[in-house]
Each structure stands twice: as C-alpha cells, then as structure tokens.
Amino acid sequence: MMARGREQLARIPGVTRVETGWAVQGEARYRCCWIVGFAHEAVIASYRDHPAHVEFANTLFRPLAGDRLSIDYQLTASVPS
C-alpha cells in the first residue's frame, strides 16, 4: 500500500516528494506516517481532488486507516543529517 501510494501520488503535478514511515511502537494509535511535499501551497487543493489521489485514498488508504489525522503545514527549516 505504501509503495503504491508513493509511486502514484508522486506523479501528481506539483508534488515534490512523498515519504512514508511506520510507527516504532506497535501499539501506537497512528501506525503510518505520510509526508507529501508540494511545489507551493496552491497545489494542496488540486492534490486533494486529483483523480490519482482520490483513487488511492478510497481504495487503498482509507480502508486500512480508519482512524487518521491529516494536517497541512509549512516547513520552516531543515537540518541535513
């Protein structure tokens, strides 16, 4: 599901990155993490309605992630590892 999502969502115009991860603690309320980067803030609305996003969300993601949290935010800084 995550590999297909990364592949499918990364092809949406304006998406600059798609990163995923699993919770370290097995009993965590939210088990997976998605970070989707956009070229600019205006892309968020078109991303939500894009057929590739809608299809992925409805057929693969939402059936597995009944309890989910979605937050749009703007990064202020990044430190290379």
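Residues numbered from 1 in each chain as written. Predicted model: local features only at pLDDT ≥ 70, side-chain atom pairs only at ≥ 80, totals over all residues. Heavy atoms only, no water.

Caption draft 1: Region of interest: the nonpolar core. By size, the foremost hydrophobic cluster in this structure holds 11 residues: Met2, Leu9, Ile12, Val15, Val18, Trp34, Tyr47, Ala52, Phe56, Phe61 and Ala65. Of all elements in the fold, only helix H1 (2-10), strand S1 (15-22) and helix H3 (51-64) reach the threshold of two or more residues within this core. Among the elements that line this core, the one with the most residues is H3, at 3 residues. Beyond its immediate chain neighbours, meaning those up to four positions away, methionine 2 contacts Thr20, Gly21, Trp22, Cys32, Cys33 and Trp34. (Core = buried A, V, L, I, M, F, W, Y, C linked by side-chain atoms within 4.5 Å. Buried < 20%, exposed > 50% of the residue type's maximum accessible area, 1.4 Å probe, protein only. Helix = DSSP H or I, 4+ residues; strand = E, 2+ residues; numbered from the N terminus. Contact = heavy atoms within 4.5 Å.)

Caption draft 2: Region of interest: H1. For H1, every residue scored as buried is listed here: Met2, Gly5, Gln8 and Leu9. Projected down its long axis, H1 shows its buried positions confined to an angular sector of 130°, all on one face. (Arc of directions from axis to C-beta.)

Caption draft 3: Expanded view of the packing of aromatic side chains. Evaluated as defined, the whole model comprises 4 aromatic pairs. An angle of 25° between the planes, with centres 6.3 Å apart, marks the rings of phenylalanine 56 and phenylalanine 61 as stacked. Taken together, Trp34, Phe56 and Phe61 form an aromatic cluster joined through their ring pairs. (Phe/Tyr/Trp six-rings, centres within 6.5 Å; stacked < 30°, edge-to-face > 60°.)

Caption draft 4: Here's a closer look at the environment of valine 43. In this fold, valine 43 is placed in helix H2 (residues 43-49). Judged by relative accessible area, which is 6%, valine 43 ranks as buried. What valine 43 contacts, discounting residues up to four positions off in sequence, is Pro13, Gly14, Val15 and Phe38.

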